[in-house]
Number of protein chains: 2
Amino acid sequence: MDNNITSLPAAPHAATSHLMVNLSALCDNWQRLDSLSSNSCQTAAVVKANGYGLGMEAVSQALYHTGCRSFFVARLEEAISLNDAFTANEMFDAKIYVLDGIRKGDESAFHHYSFIPVCNDAAQIARAEDIGVKQGRPLTCVIHIDTAMSRLGLSVDEFARLAPTLASRASLSISYIMSHLACADDADHPLNHAQLARFRDVSDRYDIRQCLGNSGALFLGTDFHLDMTRPGLSLYGLAPDGSDQHLSSVFSWTTDILQIREVEAGTNVGYGGSYQTPHPMRLATVGTGYADGLLRHFAPHLTLHIAGKPCPIIGRISMDSCVIDVSHLSETELNQASQATILETSADAASLAAKTDTIAYEIMTNIGARVARHYHGGV
Amino acid sequence: MDNNITSLPAAPHAATSHLMVNLSALCDNWQRLDSLSSNSCQTAAVVKANGYGLGMEAVSQALYHTGCRSFFVARLEEAISLNDAFTANEMFDAKIYVLDGIRKGDESAFHHYSFIPVCNDAAQIARAEDIGVKQGRPLTCVIHIDTAMSRLGLSVDEFARLAPTLASRASLSISYIMSHLACADDADHPLNHAQLARFRDVSDRYDIRQCLGNSGALFLGTDFHLDMTRPGLSLYGLAPDGSDQHLSSVFSWTTDILQIREVEAGTNVGYGGSYQTPHPMRLATVGTGYADGLLRHFAPHLTLHIAGKPCPIIGRISMDSCVIDVSHLSETELNQASQATILETSADAASLAAKTDTIAYEIMTNIGARVARHYHGGV
């Protein structure tokens, strides 16, 4: 170890793959989504799965600055990380909702932190009550009713059985009754109105606020907004049904060019001997591979860009890199370029998803840990 | 914030998805691979991409204890993290090879740390020389020749031009000349021997050690071992061609059961209304979703297990969870079960990969950050 040099390069510098996150666009989207619902309806933010891959802490803090105060995560771990970030920045009035609820063994954490558990079954409600009793004041929680997902939450019947006594339990303070739409990305799907009806049928009789709307529901009309909406994907620039909802692109994904080479016709490129160059070509190797979330099956469906020109992926994607065709770029263009663009806008993630039979959510949440997140903008 | 409780649950407790890593099996595999080559041939370990998803630091430290001293990573960032782990454990004689080489801007890091860059082009060699001059002693490096990947490394011609002067450059100490096989997972592929011949043709004339063998090459015979092998996948329990090479399974992937429910016939499960139960069913929701690396297209090809009984995935995989059919399990089996198994052995990752038209490497390296890594065993 040589200690002559004291200033070390920051880690993001060393990254070869970069996710650029526009926090101003993110905040614009939250404002736009917030404006869709009435003033009495709160607009939360779903920031689970590392803020849909964009970085939970940075995304949440930017949203806090623009006025958001309610944040949904899935796991207790995520809540703890997010709470650390909020506390460090004195954002003490941010509310963190935990969709997994209070699992067995989680009680001390929910006692310690002011997280709001989304109670999914009678056992979770009982744990919430126990914590309320122990701390000598009601525990604020959400009751989740399943109306068509069969995933998490009380069945409508269970809720109907429990509900008459819930409101009177002194150790619980139920801030919302919530449910989740299965088909909100398809405005015409009959399940949307069926779920809304089922939800209101059991919850309207209680004087408790209601929360149903995910991103898709925000665009289904005011009937679906109720007392709180909780957009996820739309915050990040994409309407779930792919429609234009005046959302701003929030992210782009670029990668460094590691090496450029000229090869003869008949040269093997990549693993498996699956590609031989049909003619002499100029190739660029870029520093993003399948371990970074650039999955192997994307290869025929994704075209990178340098200087605005399309550069197809050649051969198989490797773990840490892939090779693109830059034969048609001029020397000047290549000399000036240090990076290639993988996804230029949020919409490109949706477009790649459509071509690879998946959804943008999956592409975003699988962008790997080695990909540096760079933030600009904000309020 | 309530400060009555001082001991907080550790984060891994809160995870709902778990990768169990058997460090004894990992070390057994390294010993087995090491035994294939002669005593004069060193056996390194490829631990890039977070140790193929299993956790770079833990994997590397276990391998160090079993005798491994040479570790390959892709990125400078990975090298810095790994160096921190080795230094904290006083493993000062571990050598870290950086496959990306010295990129522009990386010079101060390579000056500061004792990393061994894999030089992929003339500019990287020049940077290595500059560092050697600056530090007043030769910089140890590897020269990478491309023999059929067209990915990284000097072309054979470039190397032939540069080589006569390389050995005499006082500021460089070339520890190895290396190349990388494109088809080592296919023992009969003609490219294997062609690459070996190309590699030796240009490098045999210099008195510098040679390194060619990845996991696949280890099983191609001693001709391919040369002076150092650098297995990756095989360490983690899998031969690249799927053959039985007496490797031990290194990992399993399990997930917590979040909720169990009974549903009537005709009940929607999951997003999109794509699945309705054909008859009354009992379903379990488990805490692993596509954001954890359980990709949506795995659904029809992957069967989870509880109490040794297969539990197929029902409906679409969600971001944080999926639903499995547990109708055929007894009450006792369900009461005793808190988890379902996603992959029971390393081989299950290969089997899933084969069914989903990819490779185990991709499945492993995309297991998400929320999945807790649990280690047991070791030397």
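Residues numbered from 1 in each chain as written. Chains lettered and ligands numbered in written order. Predicted model: local features only at pLDDT ≥ 70, side-chain atom pairs only at ≥ 80, totals over all residues.

### Looking at the overall build of chain A
Check the secondary structure of chain A and you find 13 helices and 17 strands. A principal-axis box enclosing the C-alpha atoms of chain A has dimensions of 80 × 60 × 40 Å. The buried share among the 379 residues of chain A stands at 56%. Of the contacts made within chain A by residues no fewer than 6 positions apart, 68% connect residues no fewer than 24 positions apart. (Helix = DSSP H or I, 4+ residues; strand = E, 2+ residues; numbered from the N terminus. Buried ≥ 20, exposed ≤ 12 C-beta atoms within 10 Å, placed from the backbone. Contact = placed C-beta atoms within 7 Å.)

### Notes on the packing of helix H4 (residues 56-65) of chain B against helix H5 (residues 76-88) of chain B
Residues and elements named next belong to chain B. Between H4 and H5, the shortest axis-to-axis distance is 10 Å and the interhelical angle comes to 55°. The angle between the axes of H4 and H5 places the two elements in the oblique class. Note that H4 runs across H5; the crossing there is right-handed. Facing H4, whose interface residues are Met 56, Glu 57, Ser 60 and Gln 61, H5 presents Glu 78, Ser 81, Leu 82 and Ala 85. Residue composition of the contact of H4 with H5, grouped by class: 3 nonpolar, 3 polar and 2 charged. (Axes fitted to C-alpha atoms, helices over the stretch in contact; angles between N-to-C directions. Parallel < 35°, antiparallel > 145°, perpendicular 65-115°, else oblique. Left-handed = near helix turned anticlockwise from the far one by under 90°. Nonpolar A, V, L, I, M, F, W, Y, C, P; charged D, E, K, R; others polar.)

### Concerning the interface of chain A and chain B
Every contact between the two is made by 71 residues of chain A and, on the other side, 71 residues of chain B. Listing elements by their share of the side of chain A that touches chain B, those giving two or more residues are helix H1 (11-14), helix H3 (48-52), helix H5 (76-88), helix H6 (107-112), strand E11 (251-263), strand E12 (281-286) and helix H13 (360-365) of chain A. Counted by class, the side of chain A that touches chain B contains 30 nonpolar, 27 polar and 14 charged residues.

### A closer look at the confidence of the model for chain A
All names here are of chain A. For chain A, the average pLDDT comes to 95, and 96% of its residues sit at 70 or higher. Note on residues 1-12: pLDDT under 50 across the span, and 17 contacts to partners over four residues away in sequence or across chains. At the level of chain-chain contacts, confidence expressed as ipTM amounts to 0.96, with global pTM at 0.96. (pLDDT = per-residue confidence, 0-100.)

### Digging into helix H4 (residues 56-65) of chain A
All names here are of chain A. The buried fraction of H4 is high, at 7 of 10 residues. Every buried residue belonging to H4 is among Met 56, Val 59, Ser 60, Gln 61, Ala 62, Leu 63 and Tyr 64, and all of these are buried. Where H4 is buried, its residues meet helix H2 (23-36), strand E3 (45-46), H3, strand E4 (70-73) and H5. Following H4 by one or two positions, Gly 67 adopts a phi angle in the positive range, close to 125°.

### A few points about the relation of the copies chain A and chain B
For the match of chain A to chain B, the screw axis carries a shift of 0.0 Å, the RMSD comes to 0.0 Å, and the turn is 180°. The relationship between the two copies is best expressed as a two-fold rotation axis. By C-alpha distance to the rotation axis, the residue of chain A lying nearest is Asn366(A), at 3.5 Å. Counting the interface residues of chain A, we find that 100% of their copies in chain B are interface residues as well, pointing to one common contact surface. (Least-squares fit on C-alpha atoms with pLDDT ≥ 70 in both.)

### A short note on helix H7 (residues 122-135) of chain A
All names here are of chain A. Under the 1.5 Å per step criterion, the end-to-end length of H7 is 20 Å for 14 residues, consistent within 8% with the ideal 20 Å. By the burial criterion, the buried members of H7 are Gln 124, Ile 125, Arg 127, Ala 128, Ile 131 and Gly 132. For H7, the buried positions fall inside an angular range of 160° around the axis, keeping them on one side. Residues of H7 that are buried in the fold lie against H6, strand E6 (116-119), strand E7 (139-144) and strand E8 (172-178). (Expected span 1.5 Å × (residues − 1). Arc of directions from axis to C-beta.)

### Side note on the nonpolar core
The biggest cluster of nonpolar side chains holds 251 residues, and the ones touching the most others in it are Leu26(A), Ile324(A) and Ile324(B). Apart from the residues lying within four places of it in its own chain, the contact partners of Ile324(A) are Leu283(A), Ala284(A), Val286(A), Leu304(A), Cys311(A), Pro312(A), Ile313(A), Ile314(A) and Ala340(A). (Core = buried A, V, L, I, M, F, W, Y, C linked by C-beta atoms within 7 Å.)

### A closer look at the domain arrangement of chain A
Where the parts come together, the accessible area they lose is often given as the size of the interface. All names here are of chain A. On domain assignment, one finds that chain A holds domain 1 (41-236) and domain 2 (251-376). Using C-alpha coordinates to define each centre, domain 1 is positioned 38 Å away from domain 2. In terms of residue class, the side of domain 1 that touches domain 2 is built from 6 nonpolar, 2 polar and no charged. (Domains from an automatic or database assignment.)

### Points about the sheet that holds strand E10 (residues 228-229) of chain A
Residues and elements named next belong to chain A. Across the sheet, 9 strands lie side by side as E2-E10-E9-E8-E7-E6-E5-E4-E3; this open sheet has parallel pairing. The open sheet terminates on both sides in strands that have one partner only, identified here as strand E2 (42-43) and E3. As judged from the 4 bridges shared by E4 and strand E5 (residues 95-98), these two strands associate in the parallel manner. Within the sheet, the bridge partner assigned to Ser 70 lies in E5 and is Lys 95. (Pairing = 2+ DSSP bridges.)

### Topic: the sheet that holds strand E2 (residues 42-43) of chain B
As summarised here, the arrangement of the 9 strands in space is E2-E10-E9-E8-E7-E6-E5-E4-E3 (chain B), forming an open sheet in which the pairing is parallel. Each edge of the open sheet carries a strand with a single partner, namely E2 and strand E3 (45-46) of chain B.

### Digging into the environment of Ala44(B)
Examined against the element boundaries, Ala44(B) turns out to sit in the loop between E2 and E3. In this structure the C-alpha to C-alpha distance between Ala44(B) and Thr229(B), which are 185 residues apart in sequence, comes to 6.0 Å.

### Some thoughts on unusual backbone geometry
With a phi angle near 60°, His246(A) is a residue other than glycine that sits in the positive phi range. Tracing the backbone through its elements, the reader meets His246(A) in the loop between E10 and E11.

### Regarding the pairing of E12(A)
Residues and elements named next belong to chain A. Along E12, 5 of the 6 residues are buried, which leaves the element largely enclosed by surrounding structure. As defined by bridge partners, E11 adjoins E12 across 6 bridges and the pair is classed as antiparallel. Looking across to E12, one finds that Gln 259 is bridged to Thr 285. Two strands pair when backbone bridges link them, and E12 and strand E15 (residues 322-325) are joined in this way by 4 bridges, in the antiparallel orientation. Bridge pairing links Leu 283 to Asp 325 in E15.

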